[in-house]
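# Examining the three-dimensional arrangement
Listed below are the residues making up each chain.
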Amino acid sequence: MPAQIIESSSRPFNRVELDPITLDIIENAMLNARWEMDAVLFRTAMSPGIREQHDEFPMIANLEGKMVVGQFGSFIHGFKEAYDGTIEEGDMFLTTDPYACNGAVSHANDWLLLRPIFKDGRLIAYASMFGHMTDIGGKVPGSLPTDARQIFEEGIRVPPTKIYKDDQLQEDMLELILHNCRLPHWNRSDFNAIVAAIRTAEKRVIEMAERFGDDVYYSALEELLDRNKRAMGKLIHMTVPETKQYFEDFICDDGLGMGPYKIKCAMWREGDTVIFDFDGTDPQSIGSVNFYLNEEMFKMFAGVYMIMVFDPQIMARTSCTPATGAPTASGTSSTRSASAAFRASPSATGPMAIRCGRASPTCPTSSWRATSRCGSTCTKHWPTAEAPACTGAATRCAWATASWSRAKSRSTTTAGSPTLGA
């Protein structure tokens, strides 16, 4: 069941008229708070990936969870739908499991923290940030095994957990997590740095609400989201045709010697909505190249690209997309028919199609290569001793006969969630 928000005050916010000067001041104050989050993190984290490479993303959202400033899209709506618990003043949530936060983070190295911001007993905003931890355990240092077949090989996964309750750190929970990491002192420092950055955002949000008033602050965020929605609607109409545009590319190898894998996408516009159709994309690999696609983040990627190319003056916000992910609101982009390559389904098993590089019954085994679709024109049934290794899903393979060597199959996996790439 969806999360229950606990507020001591039930007084609703009222939307009021704003003058453009006040709106501009609040918008820039929000942007400054977002950049201040980065500055706090960079100065206090220990992991080079965060401190130097800046592998982290901040966000400040309105009370509905729609991103107003930030750079990784809003996951909060999906989080609230999936989290079976309460959201209360003084809480801070931690999760590292991509499958538990609808793909808001791409792999278990990313530690995502979320803070509901309350003022006078009412939820007024959210602040969130994630950072890439150098190591979280698993089979190899760095926790990014290229030959992994299950996510369990990558390290510890933390489901959505209240790491702070009533502003008190749950130290036993944090110690349990750090005990599974090779560099616990780094992870502790990075964790504290993210917490400090989020608390900085909370402080700035409350300062703005106290200076201008709760209703003015609430109305400013709504107006900023509405303004972006109108701008994106016009941008979509100007740049995206109604006729379908097609693109496809290939991942050459999945780290286990299998591939290529095709990624196919068609794009077109229906009214004010951009449709991205991934029908025709190959099934996922049993290796670690799969990416669990968060729909809200994907729509943010598309929106940011359009903004940067066509009108950099537009600020990227969740108003580029509806928080529900429904492809019906004006001025939005959406996904449709995402293939299994972007879903959290079990890894594929069974024989995979083998394509011959030469249309000849005498071609040597070395010229055969694994592929995710059957395009073989070779009529020779290889004897068991020479059979190429079986590497994937067999539903479309016309050559999955008894003469193929199942003993050499690389597709046998333990059922469970697929592993995720970096």
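None of these values were measured; they are calculated from a predicted model.

## A closer look at the confidence of the model for the protein chain
Averaged over all residues, the pLDDT of the protein chain is 77; the fraction at 70 or higher stands at 75%. Note that pLDDT drops below 50 for residues 322-422; the model gives that stretch 261 contacts with residues more than four away or on any other chain.

## Focus: the packing of helix H5 (residues 184-212) against helix H6 (residues 214-239)
Where H5 meets H6, the axes come as close as 6 Å, and the angle between the chain directions of the two elements is 115 degrees. Contacts between H5 and H6 involve Val205, Met208, Ala209 and Phe212 from the first element and Asp214, Val216 and Tyr217 from the second. Here the residues of the contact of H5 with H6 are counted per class, giving six nonpolar, no polar and one charged.

## Digging into the pattern of salt bridges
All told, the structure shown has 23 salt bridges when counted by the stated rule. A salt bridge links glutamate 202 to arginine 115; its shortest N-O distance comes to 3.2 Å. Taken together, the residues glutamate 202 in helix H5 and arginine 115 in strand S6 (residues 110-119) connect sequence positions 87 residues apart. Arginine 115 matches glutamate 202 in its accessibility class, with the two residues each being buried. Beyond isolated ion pairs, a larger network of salt bridges with shared partners links Arg15, Glu223, Asp226 and Arg230.

## Comments concerning the sheet that holds strand S7 (residues 122-132)
Strand order in the open sheet formed by seven strands is S3-S2-S7-S6-S5-S8-S9, and the pairing between neighbours is antiparallel. Strands with a single pairing partner mark the edges of an open sheet, and in this sheet they are strand S3 (67-70) and strand S9 (168-169). Sheet topology note: the strand S2 (residues 56-62)/S3 ladder contains three bridges and is antiparallel. For isoleucine 60, the partnering residue across the bridge sits in S3 and is valine 69. Where helix H1 (residues 20-44) meets the sheet, its contacts fall on S2, S3 and S7, and the angle it forms with S2 comes to roughly 145 degrees.

## Topic: helix H4 (residues 171-178)
Residues of H4 that are buried: Leu174, Ile177 and Leu178. Around the axis of H4, the buried residues are gathered within 95 degrees of arc, so they sit on the same side. Facing away from the buried side of H4, by more than 90 degrees, are the exposed residues Asp172 and Leu176. Buried residues along H4 sit in contact with strand S5 (92-95), S6, strand S8 (161-165), S9 and H5.

## Overview of the packing of aromatic side chains
Two numbers describe a pair of aromatic rings. These are the distance of the centres and the angle of the planes. For the coordinates displayed, the defined rule picks out eight aromatic pairs. Pairing tyrosine 83 with phenylalanine 93 gives two aromatic rings, centres 5.1 Å apart and planes at 75 degrees, and the pair type is edge-to-face. Here tyrosine 83 is found in the loop between helix H3 (76-82) and strand S4 (86-87), whereas its partner phenylalanine 93 is found in strand S5, with 10 residues between them in sequence. Overall, phenylalanine 93 belongs to the buried group, its relative accessible area being 2%. Measuring from ring centre to ring centre gives 5.2 Å for tyrosine 99 and tyrosine 292, while their planes differ by 20 degrees; the resulting arrangement is stacked. Taken together, the residues span a long stretch of sequence, with tyrosine 99 in the loop between S5 and S6 and tyrosine 292 in the loop between strand S12 (273-277) and helix H7 (295-310) at a distance of 193 residues. Assigned by exposure class, tyrosine 99 and tyrosine 292 land together as buried.

## Section: H7
An ideal rise of 1.5 Å per residue puts 22 Å on 16 residues; H7 measures up with 22 Å between its terminal C-alpha atoms. Those residues of H7 not exposed but buried are Glu296, Met297, Phe298, Lys299, Met300, Ala302, Gly303, Met306 and Ile307.

## Here we look at unusual backbone geometry
Going from glycine 259 to proline 260, the amide bond is cis rather than trans, its omega being 0 degrees. Note on placement: proline 260 falls in the loop between strand S10 (245-251) and strand S11 (261-270). In this structure, aspartate 120 is a non-glycine residue whose phi angle is positive, near 55 degrees. By the element assignment, aspartate 120 lies in the loop between S6 and S7. Unlike most non-glycine residues, aspartate 166 shows phi in positive territory, near 50 degrees. Relative to the helices and strands, aspartate 166 resides in the loop between S8 and S9. For aspartate 166, a relative accessible area of 59% gives the class exposed.

## Focus: the environment of leucine 224
With respect to the secondary-structure elements, leucine 224 resides in helix H6. Its relative accessible area of 0% is what places leucine 224 among the buried residues. With 91 residues separating them in the primary sequence, leucine 224 and methionine 315 have C-alpha atoms 9.1 Å apart.

## Some thoughts on the packing of H4 against H5
One way to put it is that H4 packs onto H5 with a least axis distance of 10 Å and a crossing angle of 135 degrees. The angle between H4 and H5 falls in the class oblique. H4 and H5 meet at a crossing whose hand is right-handed. Residues Leu174, Glu175 and Leu178 of H4 pack against Pro184, Asn187, Arg188 and Phe191 of H5. Residue composition of the contact of H4 with H5, grouped by class: four nonpolar, one polar and two charged.

Reading the values: rules and limits
- Residues numbered from 1 in each chain as written.
- Predicted model: local features only at pLDDT ≥ 70, side-chain atom pairs only at ≥ 80, totals over all residues.
- Heavy atoms only, no water.
- pLDDT = per-residue confidence, 0-100.
- Contact = heavy atoms within 4.5 Å.
- Axes fitted to C-alpha atoms, helices over the stretch in contact; angles between N-to-C directions.
- Helix = DSSP H or I, 4+ residues; strand = E, 2+ residues; numbered from the N terminus.
- Nonpolar A, V, L, I, M, F, W, Y, C, P; charged D, E, K, R; others polar.
- Salt bridge = Lys/Arg side-chain N within 4 Å of Asp/Glu carboxyl O.
- Buried < 20%, exposed > 50% of the residue type's maximum accessible area, 1.4 Å probe, protein only.
- Pairing = 2+ DSSP bridges.
- Arc of directions from axis to C-beta.
- Phe/Tyr/Trp six-rings, centres within 6.5 Å; stacked < 30°, edge-to-face > 60°.
- Expected span 1.5 Å × (residues − 1).
- Parallel < 35°, antiparallel > 145°, perpendicular 65-115°, else oblique.
- Left-handed = near helix turned anticlockwise from the far one by under 90°.

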